[in-house]
Amino acid sequence: MRRTAAADAAGGVIRGYAQTMKLRPGSAPFATLCSAALAAASLIGGCGRETGEPRAALDGDRAAPDRVRLQLNWIAEPEFGGIFAARAIGAFERRGLEVEIIQGGPGTPAPQLVAEGRVEFGIVSGDQILTLREKGGRLAALFAIFQVNPTAVMVRREGGAATLEALWRSDARIALEPGLPYITFLNRRFGGERLRLVSAGGGVAAFESGAVDAQQCFISAEPAQMDLRGIPVRVFPLAESGYNPYAAVVVTREAYLEPLRSGDRTDARPDGRSIAERLTLALREGWEAYQADPGRFNPEIHQLNRAMSLDAMNLAARIQHDYVAPTEGLPWGAMTLERWRTLAEQMTELGLLERVPGDLASIVVEIGGDGAREPLP
């Protein structure tokens, strides 16, 4: 599989805007212009904006969008469908954002790129957030695409193991990306002493040829491709084993969210918290649209990733639907402190963390439905 990710920023730049404003909110010229417009005619209710809301536009002109980069941790696939849908339906644009979507691939260190400030936002796994945080890379989680972890292991339906436990207690050859936390979890639970681990760097070629007996996967990707190639598989979701971190989490640096001082409001330093809130609201809108009609958006994703057929993408979207659907009573992408605490306790017990962080609540940035921040309980 993958999920860490280097790559060529292949074709992820957002469509340009028709016009952009020459003055930015917060600058003295803009304030003068806004005041003059208000005095001349009461057509504009104010030149500011509510937290999380789009920039106010002056009559006959548009505010310059806030330009940010979003680093994916894999190539374009349906697991990112709501992100591309948000772009397609104008959800970013309506909130004053121009988002460059940067594709990933095997080896791209998305968590580090965000932690170092080389991109404003990125896609990482929940356990990566905790391990990096313990090393000083303080990331804040905005939006969890997968409410149920989609990581899985697949075997051939004919002749393969009947359960994950049976597989893990066997001497099967299994293609895995080394060092993943869930391997430690499964070894602790089921043993795994006899398993023969093989690098998954070659994709699914070894599994397809029969060179390995099992393959790590995303439930919405590799199994769909195998079925379409006439190789029926049985899939063992990791979440059913009891290890269920949030996956494909949109993060930013904690420092990016810190309130601006009066002298910081320059073109080079926009209001990061407002941008994060608007991005989150746009992602909610995008995922709701994608879940309702993935076939509307998959052709564009397919143009960015010809290695995965359009049929496979449509099938993957159906498979992942319930894994992405929001937790009952919560908005799209929202996370609970209880889930984060369970994960931290599991990782500490496995020796993957030194201790449960004392500031778990600061990991999650809560965004209300109108863009206002809501405190964690």
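In what follows, the structure referred to is the one given above.
Residues numbered from 1 in each chain as written. Predicted model: local features only at pLDDT ≥ 70, side-chain atom pairs only at ≥ 80, totals over all residues. Heavy atoms only, no water.

Looking only at helices and strands, the protein features 13 helices and ten strands. Across the 377 residues that make up the protein, the buried fraction comes to 52%. For the protein, the proportion of contacts with a sequence separation of at least 24, taken over those separated by at least 6, is 78%. Accessible surface, the protein: about 16500 Å² in total, of which carbon and sulfur atoms supply 50%. (Helix = DSSP H or I, 4+ residues; strand = E, 2+ residues; numbered from the N terminus. Buried < 20%, exposed > 50% of the residue type's maximum accessible area, 1.4 Å probe, protein only. Contact = heavy atoms within 4.5 Å. Areas by Shrake-Rupley, 256 points an atom, 1.4 Å probe, with all protein chains shown as cover.)

This brings us to empty space enclosed by the protein. Taken as a whole, this structure holds one cavity of 30 Å³ or more when the rule is applied. The computed volume of the largest cavity comes to approximately 30 Å³. Lining the largest cavity, in full, are Thr 151, Ala 152, Val 153, Leu 164, Tyr 182, Leu 186, Phe 236 and Leu 238. Of all elements in the fold, only strand 5 (151–156) and helix 7 (181–190) reach the threshold of two or more residues within the lining of the largest cavity. Here the element with the most residues in the lining of the largest cavity is strand 5; it accounts for three residues. Tallied by class, the residues present in the lining of the largest cavity amount to seven nonpolar, one polar and no charged. (1 Å grid on protein atoms, 1.4 Å probe; cavity = no way out; pocket = protein on both sides within 12 Å on 5 of 7 lines; lining within 4 Å. Points joined across faces, edges and corners; volume = space filled by probe spheres on them. Nonpolar A, V, L, I, M, F, W, Y, C, P; charged D, E, K, R; others polar.)

What follows concerns the nonpolar core. With 63 residues, the main nonpolar core has Ile 83, Phe 121, Ile 123 and Ile 145 as its most contacted residues. Tallying contributions element by element places helix 10 (residues 272–292) first for this core, with nine residues. Not counting the four nearest positions on each side in its chain, Ile 83 is found in contact with Leu 70, Leu 72, Phe 92, Ile 101, Ile 123, Ile 145, Leu 283 and Trp 287. Listed in part, the 46 residues of the second largest apolar core include Leu 167, Tyr 246, Val 251 and Leu 343. (Core = buried A, V, L, I, M, F, W, Y, C linked by side-chain atoms within 4.5 Å.)

Once that is clear, we can look at the pairing of strand 10 (residues 247–253). Summarising burial for strand 10: six of the seven residues are buried, a large majority. Pairing geometry for strand 3 (residues 121–124) and strand 10, over three bridges, is antiparallel. Following the sheet pairing, Val 124 is matched in strand 10 by Val 249. As defined by bridge partners, strand 4 (residues 139–146) adjoins strand 10 across six bridges and the pair is classed as antiparallel. In the sheet register, Ala 140 faces strand 10, and the bridge partner there is Thr 252. (Pairing = 2+ DSSP bridges.)

For the rest of this paragraph, the subject is the sheet that holds strand 1 (residues 66–71). Spatially, 2-1-3-10-4 is the arrangement adopted by the five strands of the open sheet, whose pairing is mixed. With one partner strand each, in any of the chains shown, strand 2 (97–102) and strand 4 form the two edges of the open sheet. For this sheet, the mean inter-axis angle between neighbouring strands, taken without regard to orientation, is 25 degrees. Set on the sheet, helix 5 (residues 126–134) makes contact with strand 3, strand 4 and strand 10; between it and strand 4 the angle comes to about 170 degrees. Here helix 10 sits on the sheet in contact with strand 1, strand 2, strand 3, strand 4 and strand 10, set at roughly 5 degrees to strand 4. (Axes fitted to C-alpha atoms, helices over the stretch in contact; angles between N-to-C directions.)

Turning next to the environment of Gly 202. Within the element layout of this structure, Gly 202 appears in the loop between strand 7 (196–199) and helix 8 (205–209). For the pair formed by Gly 202 and Ala 175, sequence separation is 27 residues and the distance between their alpha carbons is 9.0 Å.

This part covers helix 13 (residues 337–349). The terminal C-alpha atoms of helix 13, which comprises 13 residues, lie 18 Å apart, in line with the 18 Å expected from a rise of 1.5 Å per residue. Taken together, the buried positions of helix 13 are occupied by Leu 337, Trp 340, Leu 343, Ala 344, Gln 346 and Met 347. Check the buried side of helix 13 and you find it contacts helix 5, strand 4 and helix 7. Immediately beyond the C-terminal end of helix 13, within one or two residues, lies Gly 351, with a positive phi of roughly 80 degrees. (Expected span 1.5 Å × (residues − 1).)

It is worth spelling out the packing of helix 2 (residues 81–88) against helix 10 at this point. Between helix 2 and helix 10, whose axes approach to 7 Å, the crossing angle comes to 105 degrees. Regarding the angle of helix 2 to helix 10, the classification is roughly perpendicular. The segment helix 2 lies against helix 10, with Gly 81, Gly 82, Ile 83, Ala 85 and Ala 86 engaging Ala 282, Leu 283, Gly 286, Trp 287 and Tyr 290. (Parallel < 35°, antiparallel > 145°, perpendicular 65-115°, else oblique.)

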